[in-house]
Amino acid sequence: METKKTFAENFSDKIRKKYRMLATGSALTGCISEWFIDSNTLIILYLVMLGGSESFSMFSSAISALVSVLLVIPCAGVANRIGLRISYSSAVYLGMFAYFLMAAAPFFGEIAKYIVMLGCFLYCLSRPLYGATWYPMCDAFLLKSERGSFFGNMRFTYMTLNAILIFVAGKFMGAKPPIWVMQLIVLFPGIMLLGRKICMDNLPVNPASEKNAYDLRKALAISIRNSELMGFAFYICMVNMSIAAALPLAILYMKTTLDFNASQIMTITSIGLLGYISGYALVGKLMKKLGTRNFQLLTHGIFILFLGSLFLIQPQWNYLFARFAVLFYVHGIAAAFLMCLTSTEMLALARPTNKLMASAMVTTFQNIGTTIGRIGTSVILGLCILTDSWTLQGGNFTKYNTLFGLSLCMILFSLFFLLLSPSFVPKHKDYYEPSN
């Protein structure tokens, strides 16, 4: 029986390579704005400079995930109705406006920190609509065998760019940057967003993904009945719940308790991005060599090591800068592995006729975990229910160690959810086409 060709197979190797380069260009110009929010470093430093408290600054790291929880699935329906091109174009323009607003925040005086939060919220509103278009756009030109290497190489490239930019920004800022320097740094990602649209305008769109009559209930039902898809979604939810608060907490710990200056924190963040770069450089070969199951176990194990080490770090220790630099680097490797694992499994679990909703379902669960982890941490900090310092077997610990310990317990508990992942299920009753 002859197998029906996929849309991507209609293109030659040369044309598919061109599209992969354009997609990478889109990522390079768009990822700067995403990492300003997601890396948390710059946004937290900016808010602290404008008078934001620990809890207020921590909450800013949860906005993106919270908005995604509410809007990813509806935006999948919107993108399907209005078309992929109108969707990502609208998202780009809203994102640019949001960054221009954040850059202008100091001009608003006493309410500046709230203007920054509003800008964050508006940018985060644009992300689900853009995200609903990204995987269908990539699926239009990617062969199944190209997924792992493409996502690894693409993210390796854009994380290299981000590492360089954050390191340069840290040196440009110095130990105590004036507010106008921060405004220029905030403005830059908004301008670069326009490049995302220019690149995506030159990518193909599969007619099957464009402006179809969209039955949201039917699409949801198809995804919910796919046990492998839902199992992986629950696993990703638990992992993100465990790890989501770790980096913003570490940044607050360095800033408020360990008295690291802005330049030091930015340097450590750039080293963390080098970890991402290393992870993306390794992910393609490792996934092929280890297989999805062992690769998933390796990723989970690195996160356990990372959170366990954060829990043990004490303010009186020597070489704290070096210790945090190493930990941020290790986190970057694990996060890169998890990102590529999520992307490849998402496409492997998505039925050809239901890719928008399947990817939206996994992304929603991913963001539910992140939202619970970060908002929960923000609430705990805001309620002041943790003792500021405590001792254990001669060690002096802080409230941050307590929170890192809670994250460690959660990542250990989430090991049980590995059994729900399709790579750990010997027989598959539902749709699952892994890359290896």
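Within every chain, residues take consecutive numbers counted from 1 along the sequence as written. The predicted nature of this model means local features are confined to residues of pLDDT at least 70 and side-chain atom pairs, given and counted, to a pLDDT of 80 or more, with totals for whole chains, interfaces and linings taken over all residues. Based on all heavy atoms of the structure, the side-chain values leave hydrogens and waters out of the count.

Concerning the overall build of the chain
We apply this condition: Helix and strand definitions here come from DSSP, where helices need a minimum of 4 consecutive H or I residues and strands a minimum of 2 consecutive E residues; each element is numbered from the N-terminal end. As a reference, a globule follows 2.2 Å times the number of residues to the power 0.38, and the radius of gyration itself is taken over C-alpha atoms. To sort residues, take the accessible area from a 1.4 Å probe on protein chains only and compare it with the maximum for the residue type: under 20% means buried, over 50% means exposed, and anything in between is partly exposed. In this charge count, Lys and Arg are treated as positive and Asp and Glu as negative; neither His nor the chain ends contribute. For the purpose of locating charges, the reference atoms are NZ of Lys, CZ of Arg, CG of Asp and CD of Glu.
When its secondary structure is counted, the chain shows 15 helices and 2 strands. Against the 2.2 N^0.38 benchmark of 22 Å for 436 residues, the chain shows a C-alpha radius of gyration of 21 Å, consistent with a compact globule. In terms of its C-alpha atoms, the chain occupies a principal-axis envelope of roughly 70 × 50 × 40 Å. In the chain, which comprises 436 residues, the share counted as buried stands at 58%. Computing the positive centroid from 34 side-chain charges and the negative centroid from 18, the chain places the two 3 Å apart.

Quick look at a nonpolar patch on the surface
For clarity, the threshold we go by: Residues forming no salt bridge and having over 30% relative accessible area are the ones grouped into patches, like charges within 9 Å of each other and nonpolar side chains (Val, Leu, Ile, Met, Phe, Trp, Tyr) within 5 Å. Residue-level accessible areas treat just the shown protein chains as cover; the underlying method is Shrake-Rupley with a 1.4 Å probe. Criterion for a salt bridge: a side-chain nitrogen of Lys or Arg within 4 Å of a carboxyl oxygen of Asp or Glu.
Together, Phe107, Phe108, Ile111 and Tyr114 give the surface a local cluster of nonpolar side chains, amounting to about 470 Å² of exposed area. Position of phenylalanine 108 among the secondary structure elements: in the loop between α5 (84-103) and α6 (112-139).

Let's talk about the pairing of strand β1 (residues 389-392)
Look at any regular strand and the pattern is simple: side chains alternate between the two faces of the sheet. As a reminder, the rule being used: Two strands qualify as a pair provided that DSSP identifies no fewer than 2 bridges between them.
Two elements, β1 and strand β2 (residues 395-398), share 4 bridges in a ladder whose sense is antiparallel. Bridge pairing links leucine 392 to glycine 395 in β2. A loop of 2 residues connects β1 with β2, the two strands running antiparallel in sequence, and glutamine 393 in this loop sits at a positive phi of about 50°.

Here's the deal with the pattern of salt bridges
Overall, the coordinates contain 3 salt bridges when judged by the stated rule. Aspartate 13 is the salt-bridge partner of arginine 16, the closest N and O atoms lying 2.5 Å from each other. In this pair, arginine 16 and aspartate 13 are both assigned in helix α1 (residues 13-38), 3 residues apart and thus about one turn of the helix distant. Exposure remark for arginine 16: the relative accessible area of 5% places this residue in the buried category. Note on aspartate 13: relative accessible area 56%, which makes it exposed. Here arginine 196 ties to glutamate 34 by a salt bridge, and the two come within 2.9 Å at their closest N and O atoms.

As for the nonpolar core
To be explicit about the condition: Buried Ala, Val, Leu, Ile, Met, Phe, Trp, Tyr and Cys residues form a nonpolar core when they are joined through side-chain atoms within 4.5 Å.
Counting 126 residues, the largest nonpolar core has Val116, Trp134, Phe151, Met173, Met254 and Phe324 as the members making the most contacts within it. With 16 residues, helix α12 (residues 262-312) is the largest single contributor of residues to this core. Grouped together as the second largest cluster of nonpolar side chains are 13 residues, Met230, Cys237, Met361 and Phe365 included.

Remarks on the side chain of lysine 113
In plain terms, the rule: Whether two residues are in contact is decided by their heavy atoms: any pair within 4.5 Å suffices.
In this fold, lysine 113 is placed in helix α6. Here lysine 113 sits buried without a salt bridge, and the closest side chain of opposite charge, glutamate 110, lies 9.7 Å off (N-O distance). Look past the residues within four positions of lysine 113 in its chain and what remains in contact with it is Leu47, Leu50, Gly51, Gly52 and Phe56.

As for helix α10 (residues 227-243)
What counts here: One less than the number of residues in a helix, times 1.5 Å, gives the span that helix is expected to have.
Between its first and last C-alpha atoms α10 spans 25 Å; for 17 residues at 1.5 Å apiece the expected length is 24 Å, and the two agree. Within α10, 15 of the 17 residues are buried, which leaves it mostly tucked inside the rest of the structure.

Side note on the packing of helix α2 (residues 41-49) against helix α8 (residues 179-200)
To be explicit about the condition: Every axis in this analysis is a line fitted to C-alpha atoms, fitted for helices over the stretch in contact. Angles between the N-to-C directions lie between 0 and 180 degrees. Helix crossings fall into two classes, left-handed where the near helix is turned counterclockwise from the far one by less than a right angle and right-handed where it is turned clockwise. Each residue is assigned to one of three groups, with Ala, Val, Leu, Ile, Met, Phe, Trp, Tyr, Cys and Pro labelled nonpolar, Asp, Glu, Lys and Arg labelled charged, and all others, Gly among them, labelled polar.
One can describe the packing of α2 onto α8 by two numbers: an axis separation of 11 Å at closest approach and a directional angle of 145°. Classified by chirality, the crossing of α8 by α2 is left-handed. Touching Leu42, Tyr46 and Met49 of α2 are Ile179, Met182, Gln183, Ile185 and Val186, all from α8. Its residues assigned to classes, the contact of α2 with α8 shows 7 nonpolar, 1 polar and no charged.

So, the packing of aromatic side chains
As a reminder, the rule being used: The aromatic pairing rule takes the rings of Phe, Tyr and Trp, using the six-membered ring of Trp, and pairs them if the centres are within 6.5 Å, calling planes under 30 degrees apart stacked, those over 60 edge-to-face and the rest tilted. Charges are assigned to positions over rings by a cutoff of 6 Å between ring centre and Lys NZ or Arg CZ, combined with an angular limit of 35 degrees from the ring normal.
What the rule picks out here adds up to 15 aromatic pairs. Taken together, a centroid distance of 5.7 Å and an interplanar angle of 70° make the contact between phenylalanine 413 and phenylalanine 417 edge-to-face. Through a chain of ring-to-ring contacts, the aromatic side chains of Tyr253, Phe260, Phe324, Tyr400 and Phe404 assemble into a single cluster. Seen from the ring of tyrosine 130, arginine 196 lies directly overhead, with NZ or CZ sitting 3.8 Å from the centre.

With respect to the environment of phenylalanine 404
Looking at where phenylalanine 404 falls in the secondary structure, it is placed in helix α15 (residues 399-413). Separated by 98 residues in sequence, phenylalanine 404 and phenylalanine 306 place their C-alpha atoms 9.9 Å apart. Excluding residues that lie within four positions of it along the chain, phenylalanine 404 makes contacts with Ala246, Leu249, Ala250, Tyr253, Leu307, Leu310 and Phe311.

Observations concerning unusual backbone geometry
Glycine aside, a negative phi is what most residues show, and trans is what most peptide bonds show. The backbone of aspartate 259 shows a phi angle near 60°, a positive value even though the residue is not glycine. One non-glycine residue, tyrosine 319, lies in the positive phi region at around 55°. Among the secondary structure elements, tyrosine 319 is positioned in the loop between α12 and α13 (320-349). Owing to a relative accessible area of 65%, tyrosine 319 belongs among the exposed residues under this scheme.

Quick word on empty space enclosed by the protein
Under the convention used in this document: Both cavities and pockets are sets of points on a 1 Å grid over the protein atoms alone; in a cavity a 1.4 Å probe fits but cannot get out, in a pocket the set is open with protein on both sides within 12 Å along at least five of seven lines, and lining residues sit with an atom within 4 Å of a point. Grid points are joined across faces, edges and corners, and a volume is the space filled by probe spheres set on the points.
This model, assessed by the stated rule, comprises 5 cavities of 30 Å³ or more. Taken as a whole, the largest cavity holds about 1,100 Å³ of empty space. Residue lining of the largest cavity: 44 residues in total, with Asp38, Arg127, Met339, Gln366 and Asn367 positioned closest to the centre. Counting only elements with at least two residues in the lining of the largest cavity, the list comes to α1, α4 (63-82), α6, α7 (147-173), α10, α13 and α14 (355-383). For the lining of the largest cavity, the leading source of residues is α14, giving 8 residues. For the lining of the largest cavity, the residue count by class is 23 nonpolar, 15 polar and 6 charged. One number sums up the size of the second largest cavity: a volume of about 80 Å³. Around the second largest cavity, the lining comprises 11 residues; the ones closest to its centre are Leu247, Thr269, Leu273, Tyr276 and Phe328. Elements supplying a minimum of two residues to the lining of the second largest cavity: α11 (246-257), α12 and α13. Element by element, the count of residues in the lining of the second largest cavity is highest for α12, at 4 residues.

Limitation: the analysis is restricted to geometry and does not speak to function.
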